[in-house]
Amino acid sequence: LFFIGYKHDNIIFFSASWGRLWSVPKVFFSKEDTLTINPLYEAHFVKTGFLISTSAVFPVSTSKLNRFRFHMTEACNLRCAYCYLSGGESATTITHDVIDRVFQQLIEPLSPESKQLVEIEFHGGGEPTLAFDEMDYLLQKAKMVLPTPTFRIQSNGLFPSYILDWIIENKIITSISIDGPAWIQSVQRLGMSGDQDDIETLLRAFADRQYPVQTIT
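The numbers attached to residues start from 1 for each chain and follow its sequence in the written order. For this predicted model, a pLDDT threshold of at least 70 governs which residues receive local features, and a threshold of 80 or more governs which side-chain atom pairs are given and counted, while totals over whole chains, interfaces and linings are taken from all residues. Side-chain metrics rest on all non-hydrogen atoms present in the structure, leaving aside hydrogens and water.

Caption draft 1: Summary view of the sheet that holds strand 8 (residues 173-177). Any two strands with at least two DSSP-identified bridges between them are counted as paired. Put simply, DSSP marks the helices as runs of H or I at least four residues long and the strands as runs of E at least two long, and each gets a number from the N terminus on. Strand order in the open sheet formed by five strands is 4-6-7-8-10, with parallel pairing between adjacent strands. What marks the edges here is a single partner per strand, and that holds for strand 4 (67-71) and strand 10 (214-216). Averaged over neighbouring strand pairs, the angle between their axes works out to 20° when direction is ignored. Bridge count for strand 8 against strand 10 is three bridges, and the pairing is parallel. Residue Ile-176 lies in a different strand from strand 10, and its bridge partner there is Thr-215. Fitting a line to C-alpha atoms yields each axis, with helices limited to the stretch in contact; the angle taken between N-to-C directions then spans 0 to 180 degrees.

What follows is the structure in structure tokens.
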């Protein structure tokens, strides 16, 4: 589910699995945190297909399933004007239990052939590197379960050097989102004051170590 915004007394979501918009009255939520639905209504939302029960088990197509995108955290160190996920409005972070259940229900049942092709992507929500402990837990678990996992990360580039070292050490395919020069970023990416130099320094650090990085605009 992707949070879109508020309309009158409703909260608007986009469901990628259904390909439709959902308009849900605020009264169904126990608090303004859009991820916290009043427990009284959980069964109703599962029945309508808006939510999926945490106990649900789905058949796995071993011939098609190979890329897993993990939304690590809603916490963010920027406030981009165009953010479609409301990054930073919540600090909700993926738990080890959720990671374990994804592996148990979706990854471990894969055939040996399919396990050879699995890709793991660290994504947002917010800025994934703010959940570094959870990222490393996920990476180490994947290395135990999978023979040759491929790792990807999409980041805004505002992370410390030890994470750069971790990325290179683990050969993670890296994409850095950047809107352009400072005069564009300062408008588009609220909270960027002084950070443009940090991003450019990071990109040069990757280049100095001859490590390929993609940029996304």
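Caption draft 2: Broad picture of the side chain of Ser-155. Assignment of secondary structure puts Ser-155 in strand 7 (residues 150-155). Each residue's exposure class comes from its accessible area (1.4 Å probe, protein chains only) as a fraction of the maximum for that residue type: buried when under 20%, exposed when over 50%, partly exposed otherwise. We classify Ser-155 as buried; its relative accessible area is 2%. Polar contact is the term for a pair of N or O atoms within 3.5 Å; when the atoms are in protein, one must be able to donate a hydrogen and the other to accept it, and sequence-neighboring residues count only if both atoms are side-chain atoms. At 2.7 Å, the side chain of Ser-155 forms a polar contact with the side chain of Glu-127. Beyond its immediate chain neighbours, meaning those up to four positions away, Ser-155 contacts Glu-127, Thr-129, Ser-175, Ile-176 and Ser-177. By the convention used here, residues are in contact when the closest approach between their heavy atoms is within 4.5 Å.

Caption draft 3: Seen up close, the side chain of Lys-115. Inspection of the secondary structure assignment puts Lys-115 in helix 3 (residues 112-115). Note that His is not counted, nor are the chain ends; the positive residues are Lys and Arg, and the negative ones are Asp and Glu. A pairing counts as a salt bridge when a side-chain nitrogen of Lys or Arg comes within 4 Å of a carboxyl oxygen of Asp or Glu. Salt bridges are absent for the buried Lys-115, whose nearest opposite-charge side chain, Glu-108, sits at 6.9 Å. A polar contact of 3.1 Å, which involves the side chain of Lys-115, links it to the backbone oxygen of Glu-108. Residues contacting Lys-115, with those up to four places away along its chain left out, are Ile-107, Glu-108, Leu-110, Val-145, Leu-146 and Pro-147.

Caption draft 4: Quick peek at unusual backbone geometry. Not every positive phi belongs to a glycine, and His-8 is a case in point at roughly 55°. Within the element layout of this structure, His-8 appears in the loop between strand 1 (2-7) and strand 2 (10-15). Although it is not a glycine, Lys-171 sits at a positive phi angle of roughly 55°. The residue Lys-171 is located in the loop between helix 5 (161-169) and strand 8 in this model. Overall, the relative accessible area of 63% leaves Lys-171 in the exposed class.

Caption draft 5: Examining helix 5 more closely. Looking only at helix 5, the buried set comprises Ile-163, Leu-164, Trp-166, Ile-167 and Ile-168. Two residues or fewer after helix 5 comes Lys-171, characterised by a positive phi angle close to 55°.

Caption draft 6: Expanded view of the pairing of strand 4. Of the two faces of strand 4, the one lined by Phe-68 and Phe-70 is fully buried and the one lined by Arg-67, Arg-69 and His-71 carries no buried residue. Pairing of strand 4 with strand 6 (residues 119-123), which is carried by five bridges, proceeds in the parallel orientation. Note that in strand 6 the partner of His-71 across the bridge is His-123.

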